[in-house]
Amino acid sequence: MEYKDFDRMVNEAEGTSRRSFTPSVTFPALMRKVYLWMTLAMAITGVTAYGVATSPDILAMIFGNRLVFWGLVIAEFALVFGISGMLNRISLSTATLMFVAYSVINGAVLSSIFLLYTMQSIGQVFFITAGTFGAMALIGYTTNKDLSSMGRILFMALIGLVIATVVNIFVGSTGMQTIISYIGVLIFVGLTAYDSQKIKMMLAEQDVYDESAQKLALIGALTLYLDFINLFIYMLRIFGSKND
């Protein structure tokens, strides 16, 4: 089976969600791949973040040099768009290495949370996020309601959130930052359910457990990973306790 363009697969998945759900025999294995890759990426990010946070030299190199910091941020965007945009032209091993590289770089960038927030609050917010994420993923997976229209609304809201975040970088309003954080939580709570359903429908159509199907599982893992990370960050801004 040849790999189809990811956007086309999403559209087909949304169309399938309006019909009865009939999974293929490869579906359970592909779904396990999604959550295995996502869990692996989360572990890599967490270990990297903690390792960087406990290394003064690496911290100074990343956050004391704007060129290095923004270079890492740009690399993150490049890897995400690279995996999504070139998935049909790269091998599974290459896509996996890019995903791992993204997890490492994201961990390095997120290491700053250990400087800003207490370890106790980071742990508490992580478990709150995990519970919320798990509940919404389960809802998205089990519901018979088509969430594609909600997904389009949330995507437009996400664009507005990004614009508001960029504006607030220059404005520096604490009140606006709080509002953005609450809206961010709502958006990514909804996106978790939507993406869970989308991935379920997309993988249910894969009849063969080949490299193409596994690459779709990988992009599903990346999507849920991004949902979790963003939900965690916004929740941390709301519930996290700052270091003195």
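Residues numbered from 1 in each chain as written. Predicted model: local features only at pLDDT ≥ 70, side-chain atom pairs only at ≥ 80, totals over all residues. Heavy atoms only, no water.

A look at the overall build of the protein
Consideration 1: Secondary structure summary: the protein contains 10 helices and 0 strands in total.
Consideration 2: Written out in order from the N terminus, the α and β elements of the protein read α-α-α-α-α-α-α-α-α-α.
Consideration 3: For the protein, the C-alpha radius of gyration of 18 Å lies close to 18 Å, the compact-globule estimate for 244 residues.
Consideration 4: In terms of overall dimensions, the protein has a C-alpha envelope of 55 × 35 × 30 Å along the principal axes.
Consideration 5: A total of 244 residues make up the protein; the buried ones form 46% of that total.
Consideration 6: Accessible surface for the protein amounts to roughly 12400 Å². Of this, 68% is attributable to carbon and sulfur atoms.
Consideration 7: One way to put it: in the protein the 15 positive side-chain charges average out to a point 4 Å from where the 15 negative ones average out. (Helix = DSSP H or I, 4+ residues; strand = E, 2+ residues; numbered from the N terminus. Rg over C-alpha atoms; globule rule 2.2 N^0.38 Å. Buried < 20%, exposed > 50% of the residue type's maximum accessible area, 1.4 Å probe, protein only. Areas by Shrake-Rupley, 256 points an atom, 1.4 Å probe, with all protein chains shown as cover. Lys, Arg positive; Asp, Glu negative; His and termini not counted. Charge placed at Lys NZ, Arg CZ, Asp CG, Glu CD.)

Here's the deal with the pattern of salt bridges
Consideration 1: One pass over the full model with this rule turns up 1 salt bridge.
Consideration 2: Where K198 meets D195, a salt bridge forms, and the shortest distance between an N and an O atom there is 3.3 Å. Of this pair, K198 and D195 both sit in helix α9 (residues 174-204), separated by 3 residues, roughly a single helical turn.
Consideration 3: Its relative accessible area of 5% is what places D195 among the buried residues. (Salt bridge = Lys/Arg side-chain N within 4 Å of Asp/Glu carboxyl O.)

Remarks on the layout of surface pockets
Consideration 1: The calculated volume of the second largest pocket comes to roughly 270 Å³.
Consideration 2: If you go around the second largest pocket, you meet 13 residues; those closest to its centre are G46, I113, F114, F126 and F232.
Consideration 3: Class assignment for the residues of the lining of the second largest pocket results in 10 nonpolar, 3 polar and no charged. (1 Å grid on protein atoms, 1.4 Å probe; cavity = no way out; pocket = protein on both sides within 12 Å on 5 of 7 lines; lining within 4 Å. Points joined across faces, edges and corners; volume = space filled by probe spheres on them. Nonpolar A, V, L, I, M, F, W, Y, C, P; charged D, E, K, R; others polar.)

Thoughts on the packing of helix α3 (residues 56-63) against helix α4 (residues 66-85)
Consideration 1: Between α3 and α4, the least distance of the axes is 5 Å, while the angle of their chain directions is 80°. Comparing the axis directions of α3 and α4 gives the class roughly perpendicular. On the side of α3, the interface is formed by M61, I62 and F63, while α4 contributes V68, F69 and L72.
Consideration 2: Broken down by class, the residue content of the contact of α3 with α4 amounts to 6 nonpolar, no polar and no charged. (Axes fitted to C-alpha atoms, helices over the stretch in contact; angles between N-to-C directions. Parallel < 35°, antiparallel > 145°, perpendicular 65-115°, else oblique. Contact = heavy atoms within 4.5 Å.)

Side note on helix α7 (residues 119-142)
Spacing of three or four residues puts side chains on the same side of an α-helix, whose turn is 3.6 residues.
Consideration 1: For α7, with 24 residues, the first-to-last C-alpha span of 34 Å sits near the 34 Å given by 1.5 Å per residue.
Consideration 2: All of the buried residues along α7 are S121, I122, V125, T129, F133, M136, A137 and G140.
Consideration 3: Lining the buried residues of α7 we find α2 (27-53), α6 (113-116), α9 and α10 (211-239). (Expected span 1.5 Å × (residues − 1).)

Describing the confidence of the model for the protein
Consideration 1: On average, residues of the protein carry a pLDDT of 89, and 91% of them reach 70 or more.
Consideration 2: Low pLDDT (under 50) marks residues 1-10, which in the prediction has 18 contacts with non-local residues, meaning those over four places away or in another chain. (pLDDT = per-residue confidence, 0-100.)

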